[in-house]
Amino acid sequence: TGNGLDETGEPMREERKNFIEGSLDWVTFLYMCDALAKIVGLGGLSVFLRSYWNRFDASLTVVCSLDMVIHMTDSEVGGSLQDEIEVILRFGRGLRVLRFLSFNILGRFLLKLAAALPMVTNVLGVLAIMLYVFAVMGMTFFHKVKPQEFLHEDFSNFKAFGAAYLTLFKCSTGESWNALMHELMQTPESDYEDPCDLALGDCG
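A few points on the structure.

Definitions and cut-offs
- Residues numbered from 1 in each chain as written.
- Predicted model: local features only at pLDDT ≥ 70, side-chain atom pairs only at ≥ 80, totals over all residues.
- Heavy atoms only, no water.
- Helix = DSSP H or I, 4+ residues; strand = E, 2+ residues; numbered from the N terminus.
- Buried < 20%, exposed > 50% of the residue type's maximum accessible area, 1.4 Å probe, protein only.
- Lys, Arg positive; Asp, Glu negative; His and termini not counted.
- Salt bridge = Lys/Arg side-chain N within 4 Å of Asp/Glu carboxyl O.
- Polar contact = N/O pair within 3.5 Å; in protein donor to acceptor, adjacent residues only side chain to side chain.
- Contact = heavy atoms within 4.5 Å.
- Core = buried A, V, L, I, M, F, W, Y, C linked by side-chain atoms within 4.5 Å.
- 1 Å grid on protein atoms, 1.4 Å probe; cavity = no way out; pocket = protein on both sides within 12 Å on 5 of 7 lines; lining within 4 Å.
- Points joined across faces, edges and corners; volume = space filled by probe spheres on them.
- Nonpolar A, V, L, I, M, F, W, Y, C, P; charged D, E, K, R; others polar.

1. A short note on the side chain of Glu 183
Phase 1: Here Glu 183 lies in helix α7 (residues 177-184).
Phase 2: Buried within the structure, Glu 183 lacks any salt-bridge partner; Lys 170 is the closest side chain of opposite charge, at an N-O distance of 8.9 Å.
Phase 3: Within the local environment of Glu 183, its side chain forms a polar contact with the backbone nitrogen of Leu 151, the two atoms lying 2.6 Å apart.
Phase 4: Setting aside residues no more than four positions away along its own chain, Glu 183 makes contact with Val 145, Gln 148, Glu 149, Phe 150, Leu 151 and Tyr 192.

Quick look at the structure:
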């Protein structure tokens, strides 16, 4: 993509980016050849479209073709919007793996997923209530704690209910919860560039 990163998190080199885009173009070309061969072999477009899987393949081929046209035009109009559109279109390529599943397998999977939804809803409801309770407690105990690297002034704090709720939700995913915990326990002796002050009451 236009703003791709490599495995180290650094911006992708131009040669590698061009290689990936060229490979994707060849894959799109093979999709188009596959669809054309099926249309000719089955005796026409109307016969080809009778199969739901063929409709699915045709839709993905159109999506991939749009992606190829967008980046081959190399238009700068839209900037980041164009990159976002390309990411969405290229996600469609990955959906082609569903072609290798039968309707029976896919149907059983969807039925089991639908049967599990009520139980998942109950779990999410309990989680939401727990986050609500602890968000209120966090606002009570930590709303004056001095912001640092992870306890941020604009987000990840306990100064308002919305921010507190989202902070706890982030912690529930395991995202830097231990660093946030240490910053909420800070003292004037803590190793921070701008330590808290007991007189101001902004320590943990």
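Let us keep going from here.
2. Observations concerning the environment of His 152
Phase 1: Considering the arrangement of structural elements, one finds His 152 in the loop between α5 (103-142) and α6 (161-172).
Phase 2: Between the alpha carbons of His 152 and Leu 180 there is a distance of 9.5 Å; along the sequence they are 28 residues apart.

3. Points about unusual backbone geometry
Phase 1: Its identity is not glycine, yet Ser 176 carries a phi of approximately 55 degrees, on the positive side.
Phase 2: Along the polypeptide, Ser 176 turns up in the loop between α6 and α7.
Phase 3: Residue class for Ser 176 comes out partly exposed when judged on its relative accessible area of 23%.

4. A closer look at the nonpolar core
Phase 1: Counting residues in each nonpolar core, the largest one holds ten residues, listed as Leu 131, Ala 135, Val 145, Leu 151, Phe 158, Ala 164, Leu 168, Cys 171, Leu 180 and Leu 184.
Phase 2: Sort the elements by how many residues they give to this core and α6 lands first, with three residues.
Phase 3: For Cys 171, the residues in contact, after removing those within four places along its chain, are Trp 177 and Leu 180.

5. Section: the layout of surface pockets
Phase 1: Reported here for the second largest pocket is a volume of approximately 180 Å³.
Phase 2: If you go around the second largest pocket, the residues you meet are Phe 134, Met 137, Gly 138, Phe 141, Phe 142, Phe 158, Leu 168, Cys 171, Trp 177, Leu 180, Met 181 and Leu 184.
Phase 3: Counting only elements with at least two residues in the lining of the second largest pocket, the list comes to α5, α6 and α7.
Phase 4: A total of five residues in the lining of the second largest pocket trace back to one element, the largest contributor, which is α5.
Phase 5: Grouping the amino acids of the lining of the second largest pocket by side-chain chemistry returns eleven nonpolar, one polar and no charged.

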